[in-house]
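Descriptive analysis of the structure
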Amino acid sequence: KARRSDAIVTLVSMQAQQEKFRANNNSYSTTASSIGGVDTTYYTYSVSNAGVSTYTLTATATSASKQTLDKQNGTTCSPLTLTQSNAKTPPDCWQK
């Protein structure tokens, strides 16, 4: 659960960086690395659906890590996603 918390912190940080990026450009960033999404042993980060008004940030557990087995209330917690409208999936995995 601690590693999932780290992934959530990274996604929220990436979200803030996306907003800064958008303030200086005509659209959101299409690459995770440009907004702080640095892959780790446990998670890889990506950006999809990026455009003028939308984006989806994703943290996916690496196949080599035990994070692929991480569950909350029976829900598998990989991938974790966060959108420009603050939609968080899967919802159970974002609970404290």
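Because the structure is a prediction, the values reported are computed rather than measured. Per chain, residue numbering runs from 1 following the sequence as it is written. For this predicted model, a pLDDT threshold of at least 70 governs which residues receive local features, and a threshold of 80 or more governs which side-chain atom pairs are given and counted, while totals over whole chains, interfaces and linings are taken from all residues. Each side-chain value is derived from all of the structure's non-hydrogen atoms; neither hydrogens nor water enter the calculation.

A short note on the state of the cysteines
- Cysteine sulfur atoms are paired as a disulfide whenever they come within 2.5 Å of each other. For the structure on display, the rule yields 1 disulfide.
- A sulfur-sulfur separation of 2.0 Å characterises the disulfide bridge that pairs Cys77 with Cys93. Negative torsions about the S-S bond denote left-handed disulfides, and the value of about -80° found for Cys77 with Cys93 makes this one left-handed. Taken together, the residues Cys77 in the loop between strand S4 (75-76) and strand S5 (80-83) and Cys93 in the segment after strand S6 (88-89) connect sequence positions 16 residues apart.
- We call a residue buried when its accessible area falls under 20% of the maximum for its residue type, exposed when it is over 50%, and partly exposed in between, using a 1.4 Å probe and counting protein chains only. Judged by its relative accessible area of 0%, Cys77 falls in the buried class. Only DSSP runs of H or I with at least four residues qualify as helices, and only runs of E with at least two residues qualify as strands; both kinds are numbered from the N terminus onward.

Focus on the nonpolar core
- What we call a nonpolar core is a set of buried Ala, Val, Leu, Ile, Met, Phe, Trp, Tyr and Cys residues that are connected through their side-chain atoms within 4.5 Å. Grouped together as the largest cluster of nonpolar side chains are 19 residues, with contacts concentrated most on Leu11, Met14, Tyr45, Leu57, Ala59 and Leu80.
- Among the elements that line this core, the one with the most residues is helix H1 (residues 2-24), at 4 residues.
- Leaving out residues up to four positions away in the same chain, Ala59 has contacts with Ala7, Leu11, Tyr43, Thr44, Tyr45, Ser78, Pro79 and Leu80. The contact criterion used throughout is that any non-hydrogen atoms of two residues lie within 4.5 Å.

Considerations on the side chain of Gln67
- Within the element layout of this structure, Gln67 appears in the loop between strand S2 (56-61) and strand S3 (71-72).
- Each residue touching Gln67, except ones within four places of it in the same chain, is listed here: Arg3, Arg4, Tyr42, Tyr43 and Ala61.

Re the pattern of salt bridges
- In what follows, salt bridge is the name for a side-chain nitrogen of Lys or Arg lying within 4 Å of a carboxyl oxygen of Asp or Glu. Scanning all chains against the criterion turns up 1 salt bridge.
- Across the pair Arg4 and Asp70 runs a salt bridge, and its minimum N-O distance is 2.6 Å. Within this pair, whereas Arg4 is found in helix H1, its partner Asp70 is found in the loop between S2 and S3, the two being separated by 66 residues in sequence. You'll find Arg4 and Asp70 in the same group, each marked buried.

Considering the sheet that holds S2
- Paired strands, in this sense, are two strands between which DSSP finds at least two bridges. With antiparallel pairing, the 4 strands of this open sheet are ordered in space as S1-S2-S5-S6. Two strands close off the open sheet at either side, each with one partner strand: strand S1 (43-48) and S6.
- Judged from the 4 bridges that link them, S2 and S5 form a sheet pairing that is antiparallel. Its bridge partner being in S5, Ala59 is matched across the sheet by Leu80.
- Contacts from H1 reach S1, S2 and S5 within the one sheet, and its direction differs from that of S1 by about 30°. With axes taken as lines fitted to C-alpha atoms, and helix axes fitted only over the stretch in contact, angles between N-to-C directions fall between 0 and 180 degrees.

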